Amino acid sequence: MPRPIVLTYTVHPTQGPQREYLTDALTGMQAQLPLRNLHWKSPTRTALRTIQEVDVQLMELGEVGPPREVGGSVLEGALVNLCFIACDDAEIYKNSTRSFIRDWLSLLSARRNVHAPLIILVNPPSAKDTGKNVFGRDKGILGKLKSDFNVGKRDRCVQINLPSGNVADPAAWPEVINRLKESIVSAFDSAILEREEEVKRGEAQRMTVGWNFCTWFLLKESLAHSFEGVNLHEDALIVYEELDATFLQILKEQNLSWFGKLGATGPQDDSLPILDVRAKPYKEMLQSSSISIFDFRVYVFARQAVLLGRLGRITEVAKRGQWFVASLSRRLRESEGDLAEHFIESWTFTACMDIVARCDEWSRVDRPNGDYSGLIAYESARSELLDIARVQVERIGVSAGHLPSAYPFLAPTGLASQSDDVLFESSDNGLSDDDDDEQTGDDGQSDRARLSNQQLVDAMGDVKKFRNLYLGMTKKAMSAYEACGKVNSVVRLKADMAALALHTEEWRTAYDLSRALAKDCADLLIWEPIAKFALEGALQAHRNLKLAKDEEWANIATAYLRVRASSKEGVSALDGPAGQEADMGSEIQLILGGLKEIEVEHTVHDHKLFDLSLVSNQASAMNKDRPDISMISMAISSNIDEPFDVDDIRFVYEHATAGIVTYNTLATTLFPGYTQLDLSSERSCEGVLNLSEAQIWIGQTCFSYAHLANDSQVIARRHPDAPSVSLQMPRTISLDAEPSVVLHISAGACEMEHVVISIVSLHDEMAFDVSRLSSSNSNVSVSDTAAGITSLAKGEDVELAIPYRGTPPSETAHARIVMRYKRAGSDVSMTYIDASSVFVGLPLTVNVQDFFRKESLISHFTIASDGREYLRVKSVDLRAGEDSGVDVEQAIKVDTSTVVTPEQHLSCLFKIRQREASRSKNVGSVLRLIIEYCNIEEEVEARLKGVKAVRALKRRNRQSWLPMYAAEERIEGLPEISSAETAIKPEALPWRTLEIPVDVPSRRLLVIARLAAPTSAASEMIYEGRALSMTLSFRTSFTWAGRSSGRQRLVFDIVPNPDDWIVLGRKKGFWDAEPEKEERHEITLIPMRPGPLLLPTVTTAILPASPSDSANRGNDEQLLCETYLENAAEVVRVLPAKKTVRVMIPLINAGGGMVEQRREEWGMVV
């Protein structure tokens, strides 16, 4: 503990009541101690220092002698000397008191130490305040004291008016206490400045002869003691850090003649607490320059640690302690031969435990500022110190034979000294204890001392005590690590405990600890070497316990294979004595053999035992003889150094249509490193295959992989000679027949037996009726859901016509086709799966427009593309049956084909005449429009059949070549299309036939109308706006009405274009129509504009002639009226209306007057 500040006092010898006043004043002064909140502002320091509290000891001046030693603390002498006087008479002061004070000051000056005198005038309770004069100076005795003894601006005098009651009343002492604080600070500052100057002078003489580091160290250390005495621990710590830095500098200069040897050879050096500065006479050894480097380093660190502890920086103490112990241990190891056996381990153990004990003690001290934040970090440093101490016990145990010299235990030589350590130089600098001839025998070997740490000595001699000590230290370190959340360090200690259980053959404990350790490593994803050690230990304990190989064992085994594959070199639980009967290779073989013995299926995902990749992302046929078997090439890398057998390798893919597609191979042997294998599949599909799972089976254990090292997708393509199934439209389509599609089956280069084909629509709006399919092949059989074919020879094709119901969206049918079969002479079942689509709509549209005439019907058929397809039309024919009752005549017959494009249509005219025998029939005739056409794309494919260019053509945009081929029969960039090699006869083109039923209109009443002007007015001019009389005549033909005579009441209506005509007067009328009878009506029209005008439109409709015809109205409603305006192509030329317009044109004659000119032209006057 720091010594208090010494204050001396001297009492003026006074008799009577004044003597009692002085005694009371001294008692009151004692009651105000210790002093608090002293503020020191040193000129050599930038910041203001605040001394929170300082202990003060009042002593009589005669009891305090001069400083006992040179270079001691500045607090060893009295900083302030007090003089208590009681005087209220000026004459007494002049004759006696003043002389006493002068003698007292002379006595203080003779002591020659830094001090501050303070004269205290004690006034009795009844004294009155003398006040101040006009100049602001004190009057009375106090004024005389200040006038006589103040030096400069320093006030050495103060008075105290004793209270009438309690003399210790703090309210009476503030002026005296404040003046006392100022005096202490002033004296302390002067003493520190003087001591610092001495230190600087001593350091400046470092290079001179006779300079001693130890003496200078004590001198500078006195500053630290001085700061510590006034509770300025931060400044004291800075002094020790500067001393430590100076020592390191001297160490680098190798100028250590003031020190003894390295040291650490004392009888109790390994067991003394390093933070106890009284454990050795360090100061005496420094004064005699006989201190060793070991003791010096320990002393300086202990002083720093104590100051840090008083500052509450215990975390820093623990962290500095780690660094100090490690660095000094490395230095001691350079002279390990001169030390006691296991001295370094014993000293390190003692030092770490002492630091932990002292830090724990400091951590329990209440913080003055209430700051406990550093304690959390301290727990981390504390756990590391405990772990370092535990490691020392472990090394001693390995050396004593209580622990195996194998992982995870480390021998004492595990931490050899590094030659490049900057803290300590090599022993070759002349400071090694090896140079001490007195300790060396005749044979050159010194007698090694013994350890003094009895706890470690007992542990070395008794294995039970050692294990108790080791387990206790390990558990204590684990608790500390868990308290601060260092889970990784806890795992390391668990490995030590598991290793100890394995070493002592406590198999149940070893099994439980090893499993828990392996689980922690897996959860934290750390330390594969430790995980490998834990898993090997668990397997070894499981084997010695003779437990059953269940799922838990499988988890441990596969986890071991994982870490073994990740790190082929590492620690092993089998390296110790308990595992010498098995090596790594046999352990792996035992595990693989055990995996095949497990009866419960076990799946492991993304195991590191294997690395899988595809050699190529193209799936191809096995060979020409087996074109229907798909094959992929894969590479597998085994990451262990032992060959082993696997039962199956499977690559499971997902296909949009085929679903699950599996490629596999049979049992094989995998060798270390790279192995390439071919996997085959009996399920044929085409398109993109996405990897779902890759599996490697060893017994009932499945190693599953969701991703490969490279691309996980496979592009599957069928061999051209492989069986194929496609969905097509029939070559002949009749619109009045049941719709159907054709399933085209080709055997390719395979002989197929027991073929079963099923087709399912992928649209809810469409369904295939497989039970009603038809085929020309006699080997075809039909069930409700599938079609069977007994056998198919090589190259044989079969077509199945399958009816369907409904209409798919966009008129494109999508179907899933599944074909199962067996190859001839094989029991392997093959599966063909494909999604096929076909456009069930028509690639063309047909429009018809009928024109009725008296004796014939003109039908105009327009054949157009659907807007996308390009077609070649070979022929268009309208055929009538024998019993149709009509004759058909085509207008023009063309022998060459015609190309129909989205921009170019095909028109056909047919004249239909009704036979005389069928005119009286009411039933209409049905004709058949037969169109024979070919799709241009199919034509090009037929011409390029067998040419490789067809594949490239399909990949091109069809609009880039279809228009050119349709116009010129050539394709840019494809000269093969025009060569003789691809020439094809017209009859060999893939022609298709479309049959459309056409109904001949029946029950039609034809009215022939004519609108003409009278003969007398035909030659007259027709002007705009003038009424024109016209004659409307009707003739009725019953040729297409189904009967030759009868009466019908008809109504007509004139529908003019309002921009051309206005009907004046009668616009509608009716008449009774009779065969070959003409009906006339007079109407009046007014032309609305000049120019050629078409005649107004005339419409007619059937109207019942009388109420008596209501009974026959049902039949009349079926009779439709067709109107034919006979002179509809005629136009009426209308002249502009005749009118007069008068305008004035200014013309100047010779006389300057206006001239009026009149001109008549086309009814206009100008």
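Our structure is the block above this text.
Scope of this entry: the structure provided in the associated data block. (Residues numbered from 1 in each chain as written. Predicted model: local features only at pLDDT ≥ 70, side-chain atom pairs only at ≥ 80, totals over all residues. Heavy atoms only, no water.)

1. As for the sheet that holds strand β34 (residues 886–890)
So, point 1. Read across the sheet, four strands follow the order β31-β32-β36-β34 without closing on themselves; strand pairing throughout is antiparallel. Single-partner strands in this sheet number two, and they are β31 (844–852) and β34. When strand polarity is set aside, the average angle formed by the axes of neighbouring strands in this sheet is 25°.
So, point 2. Note that β34 and strand β36 (residues 906–914) share five bridges and pair antiparallel. Each residue of the ladder has a partner; that of E889, found in β36, is K911. (Pairing = 2+ DSSP bridges. Helix = DSSP H or I, 4+ residues; strand = E, 2+ residues; numbered from the N terminus. Axes fitted to C-alpha atoms, helices over the stretch in contact; angles between N-to-C directions.)

2. Details of the nonpolar core
So, point 1. Formed by 189 residues in total, the largest nonpolar core has its most connected members in W347 and F651.
So, point 2. If you look at the next biggest cluster of nonpolar residues, it comprises 61 residues, including F768, M819, F852 and V900. (Core = buried A, V, L, I, M, F, W, Y, C linked by side-chain atoms within 4.5 Å. Buried < 20%, exposed > 50% of the residue type's maximum accessible area, 1.4 Å probe, protein only.)

3. Details of the pairing of strand β20 (residues 713–716)
Within a regular beta strand, the side chains point alternately toward one face of the sheet and then the other, so they alternate between its two faces.
So, point 1. Burial along β20 is one-sided: V714 and A716 are buried, and none of Q713 and I715, which face the opposite way, are.
So, point 2. Two elements, strand β18 (residues 687–698) and β20, share four bridges in a ladder whose sense is antiparallel. Counterpart to N690 in the pairing with β20 is Q713.

4. Side note on the packing of aromatic side chains
So, point 1. What the rule picks out here adds up to 28 aromatic pairs.
So, point 2. Ring centres of F213 and W216 lie 6.1 Å apart, and the angle between their planes is 40°; on these two criteria the pair is classed as tilted. Placement of both F213 and W216 in helix α5 (residues 213–229) is noted, with a separation of three residues, approximately one turn of the helix. For the pair formed by F213 and W216, the shared burial category is buried.
So, point 3. Relative to Y299, the ring of F217 has its centre 6.5 Å away and its plane inclined at 65°; by these criteria the two rings are edge-to-face. With F217 in helix α5 and Y299 in helix α8 (residues 293–310), the pair connects residues that are 82 residues apart, well separated along the chain. Here F217 and Y299 have matching classes, each one buried.
So, point 4. Here the basic side chain of K549 rests over the ring of W553, its NZ or CZ set 5.6 Å away from the ring centre. (Phe/Tyr/Trp six-rings, centres within 6.5 Å; stacked < 30°, edge-to-face > 60°. Lys NZ or Arg CZ within 6 Å of the ring centre and 35° of its normal.)

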